[in-house]
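Observations on the three-dimensional arrangement
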Amino acid sequence: MISASLNAYVAVSVLLFAIGLLGVLIRRNTLVVFMCLELMLVAATLALVAFSRHNGTMDGNVLVFFILTVAAAEVAVGLALIVALFRRRRTVQLDGLNTLRN
Amino acid sequence: MTFNPFSVIALAVPLLSAAVIALFLRRRGAAAAVVSAGAAALLAANALVLALGGHRFTDSAEWLRVGDWTFTLGVKFDDLAALMLTVVGVVGLCVHVFSLGYMRDDEARGRYFGGLSIFMFSMTGIVLADNLVMMFLFWELVGFSSWLLINHYHERQSAADAAKKAFIVNRVGDFGFLLGIVWCQARFGTTQLDALASATEGGAVVSAGIPLLLFCGAVGKSAQLPLHVWLPDAMEGPTPVSALIHAATMVAAGIYMLCRIEMLMVPDALTVIMWTGVVTALYAALCAVTQSDIKKVLAYSTLSQLGYMVAAFGLGSLKVAHDDHFHLMAAGAGAAMFHLTTHAFFKALLFLGSGSVIHGCHHEQDIFRMGGLRRRMPFTFWTFTVGVLAIIGLPGLAGFFSKDAILYLAWAKDPAVFGVLAFTAALTAFYMLRLWRITFLGEARGEGARDAHEGGLTLTAPLGLLAALSVVSGHGWFFNVALGGSFDGIMDEVVHPTGAAHSVILATSIAVLLVGAGAAWILYRPAGDDALARRAPGLFGLLGALRESFDRGYGWYVAKVQQRFAMLLNFLEQILLAGLIVRGLAGVVGLFGLGARALHTGNANTYAYWFLLGIAALWAAATGYLTF
């Protein structure tokens with residue numbers, strides 16, 4: 001089995017996280033922002049699994065299960081919110097969603 | 001400590017009446033009038049029971065304690081208070097009854113009678129107070145009720161101004177009074193009249209400052225020079241109010257207060273008081289000569305008579321030969337209170353008489369538009385005549401005796417004062433006869449006077465009672481026999497001239513009466529214009545300028561000095577307080593708010609950046625790159 005080094009896993013994880021963060025910061029579509037958030041969670045998950053494997057313990061893996069659970073719940077709620085938002089405002093662009101300002 | 005029930009009733013009845021009227025009867029004038037007049041009748045009866053029934057007592061109870069200071073509320077009812085309470089009660093009752101008729105058509109009768117009741121309460125409080133602090137409280141209350149009643153026709157700007165002027169001028173005097181009380185408390189540790197008396201009898205030295213500061217209160221309330229300016233203006237109030245407050249009782253409270261604090265008097269202070277009174281008496285008599293408003297003449301006459309009383313008080317005690325030893329008598333206070341009593345009756349009579357005239361002439365107040373009232377209002381004419389004769393000192397009437405007591409005292413103590421007061425008496429006869437002749441004799445010269453008519457019983461009955469009192473209240477037998485010697489504590493101090501002095505005083509008295517009245521009779525015919533203004537315009541103008549000089553002086557002071565000082569203070573206040581401190585604080589907070597509002601964009605992306613920044617800061621802090 002070809003085993004990549006820990007560094008490679010961490011590098012991919014950081015790259016994923018950076019893409020996710022950048023997406024959250026610059027994208028205007030709520031759905032895309034939401035997916036970028038998921039990407040950041042996945043990046044963290046990848047790093048945790050890599051560390052767990054490297055250290056030979058189950059700590060990271062256990063945490064991954066929690067993250068998956070929370071992420072699943074979050075997707076359920078978040079997507080429902082976005083659908084409701086779209087029904088009400090006919091848009092999911094963040095630029096138009098600044099009602100809190102006034 | 002229990003209080004004598006009659007003294008409690010004397011205070012409670014008018015207060016209750018005022019409270020009931022203020023709370024329930026403001027829109028029901030008729031009911032308010034009945035309640036107030038009933039309270040006045042009860043108070044008068046109560047005063048007579050107290051004064052003539054031999055009740056003399058001093059009660060006091062602790063009211064509040066501040067540190068070492070204990071304030072007491074108490075009643076000191078001696079012959080002095082009994083005399084004053086009787087005067088207040090009787091004149092108050094007359095004025096209330098008169099008001100029933102005089103104010104019948106007034107829209108705001110409820111407010112008027114409520115004001116009268118609160119005044120009766122306050123005045124009773126001054127009379128009964130056994131210490132200076134309590135007296136000061138009621139002192140301010142009479143000032144308030146005076147303001148309320150001068151302001152009765154408040155839709156007239158002049159009435160509103162007059163009320164404000166009376167209040168402010170009195171504040172000036174009262175400030176001195178308050179300082180005097182504080183000084184008195186600091187010096188003796190008490191303001192209780194009895195304690196003060198025993199302290200000074202024990203030989204405590206009094207600085208002249210204390211009585212002079214206390215005298216400031218009397219200068220304001222009794223309208224002595226230079227704080228006299230409010231009293232003529234106060235004639236804007238309803239005429240019965242002028243009779244009660246601005247002639248008979250409240251303005252006399254200053255003299256009463258002086259008699260109360262007689263034990264604090266020292267020769268220097270008495271000299272100042274005496275000359276203040278003398279100058280006021282002369283000045284006001286000169287002013288009265290040029291007036292054409294019936295009430296203004298009487299107002300200046302009141303000022304002049306108050307000056308007489310103050311001068312009498314200032315003349316002080318007199319050594320009297322008694323058998324073969326000398327006896328020191330408080331002749332000044334006695335003569336002042338004697339004149340206060342007779343003056344209260346005849347001046348209330350004159351004011352109510354003028355009220356009857358004004359009422360009869362449909363609110364005409366200019367004497368040159370009256371005339372011929374002798375036939376149209378005979379009862380008013382005859383009672384008014386009694387009042388005039390009493391004030392100018394016709395032998396046998398009240399004013400003659402009390403004025404002679406003062407003149408004799410002046411003759412015995414200070415010839416200069418005697419001369420000025422005798423001249424003032426001649427002037428009094430002059431302007432009173434002028435007023436009387438122009439108002440009542442001759443032909444009617446105005447619409448009002450032509451269909452003048454006598455008022456009802458409520459207007460005439462008080463006139464009759466006061467006229468009777470103006471005749472008898474000077475006689476010795478009235479006090480000794482009719483009143484059973486109840487006021488001997490005061491009346492025994494009045495020194496009557498004897499022997500050669502008697503002839504001198506009597507001759508002077510009759511001479512000034514004849515000269516003054518004769519000159520007026522020759523000069524003034526019942527006519528539509530002022531004979532003095534026609535024949536001697538220079539003198540007339542001079543007297544007018546004299547009268548206006550004080551108002552002009554105060555006007556100048558307020559406009560040029562005080563107003564500028566106030567503007568300076570206002571400027572500093574705007575810059576320092578409002579500008580730097582208040583605006584400064586608000587400005588800093590506002591700036592923060594402005595910044596914070598800019599952060600609140602409502603855009604989720606922006607918040608994400610802030611979130612990132614927060615994370616970075618947290619990370620930096622956790623790793624030690626950033627330390628607080």
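These lines cover the structure that appears in this document, whether it is placed above or below. (Residues numbered from 1 in each chain as written. Chains lettered and ligands numbered in written order. Predicted model: local features only at pLDDT ≥ 70, side-chain atom pairs only at ≥ 80, totals over all residues.)

**Points about the overall build of chain B**
For chain B, the count of helices and strands is 26 helices and four strands. With the C-alpha coordinates aligned to their principal axes, the bounding extent of chain B is approximately 115 × 65 × 50 Å. Every one of the 628 residues in chain B was classed for burial, and the buried ones make up 51%. In chain B, the share of contacts with a sequence separation of at least 24, taken over all contacts with a separation of at least 6, comes to 81%. (Helix = DSSP H or I, 4+ residues; strand = E, 2+ residues; numbered from the N terminus. Buried ≥ 20, exposed ≤ 12 C-beta atoms within 10 Å, placed from the backbone. Contact = placed C-beta atoms within 7 Å.)

**Considering unusual backbone geometry**
Residues and elements named next belong to chain B. Here the residue pair leucine 225 and proline 226 is connected by a cis peptide bond, since its omega of 0° sits within 30 degrees of zero. Structurally, proline 226 is set in the loop between helix H8 (209-221) and helix H9 (230-233). In the Ramachandran plot, histidine 363 falls in the positive-phi region, its phi being about 60° despite a non-glycine side chain. Look at histidine 363 and you get exposed, because 9 C-beta atoms sit within 10 Å.

**Notes on helix H1 (residues 5-24) of chain B**
The first and last C-alpha atoms of H1(B) sit 27 Å apart over 20 residues, in line with the 28 Å expected at 1.5 Å per residue. Regarding H1(B), the residues found buried are Ser7(B), Ala10(B), Leu11(B), Val13(B), Pro14(B), Ser17(B), Ala18(B) and Ile21(B). (Expected span 1.5 Å × (residues − 1).)

**Focus on helix H20 (residues 457-472) of chain B**
All names here are of chain B. Between its first and last C-alpha, H20 extends 22 Å over 16 residues, near the 22 Å set by a 1.5 Å rise per residue. The complete set of buried residues in H20 reads Leu459, Pro462, Leu463, Leu465, Leu466, Ala467, Leu469 and Ser470. Elements that come into contact with the buried residues of H20 comprise helix H3 (79-102), helix H14 (331-360), helix H16 (378-392) and helix H17 (398-413).

**With respect to the environment of Ala536(B)**
All names here are of chain B. Tracing the backbone shows alanine 536 in the loop between helix H24 (531-535) and helix H25 (537-599). Residue alanine 536 is classed as partly exposed on the basis of its C-beta count, with 13 C-beta atoms lying within 10 Å. Sequence separation of alanine 536 and valine 66 is 470 residues, and the distance between their C-alpha atoms is 63 Å.

**Notes on the interface of chain B and chain A**
The partner chain A presents eight residues to the eight residues of chain B that form the contact. Looking at side-chain class alone, the side of chain B that touches chain A contains three nonpolar, five polar and no charged residues. (Nonpolar A, V, L, I, M, F, W, Y, C, P; charged D, E, K, R; others polar.)

**A look at the nonpolar core**
Residue and element names in this part refer to chain B. Grouped together as the largest cluster of nonpolar side chains are 210 residues, with contacts concentrated most on Cys94, Ile255, Ala348, Leu409 and Leu421. No other element matches the 17 residues that H3 contributes to this core. Setting aside residues no more than four positions away along its own chain, isoleucine 255 makes contact with Ala218, Ser222, Met309, Val310, Phe313, Ala336 and Leu340. (Core = buried A, V, L, I, M, F, W, Y, C linked by C-beta atoms within 7 Å.)

**Here's the deal with the pairing of strand E2 (residues 69-77) of chain B**
All names here are of chain B. Looking at chain direction, strand E1 (residues 57-66) and E2 are connected through nine bridges and run antiparallel. Residue arginine 65 lies in a different strand from E2, and its bridge partner there is threonine 70. Hairpin geometry of E1 and E2 is characterised by an intervening segment of two residues between the two adjacent antiparallel strands and by a positive phi of about 60° at glycine 67. (Pairing = 2+ DSSP bridges.)

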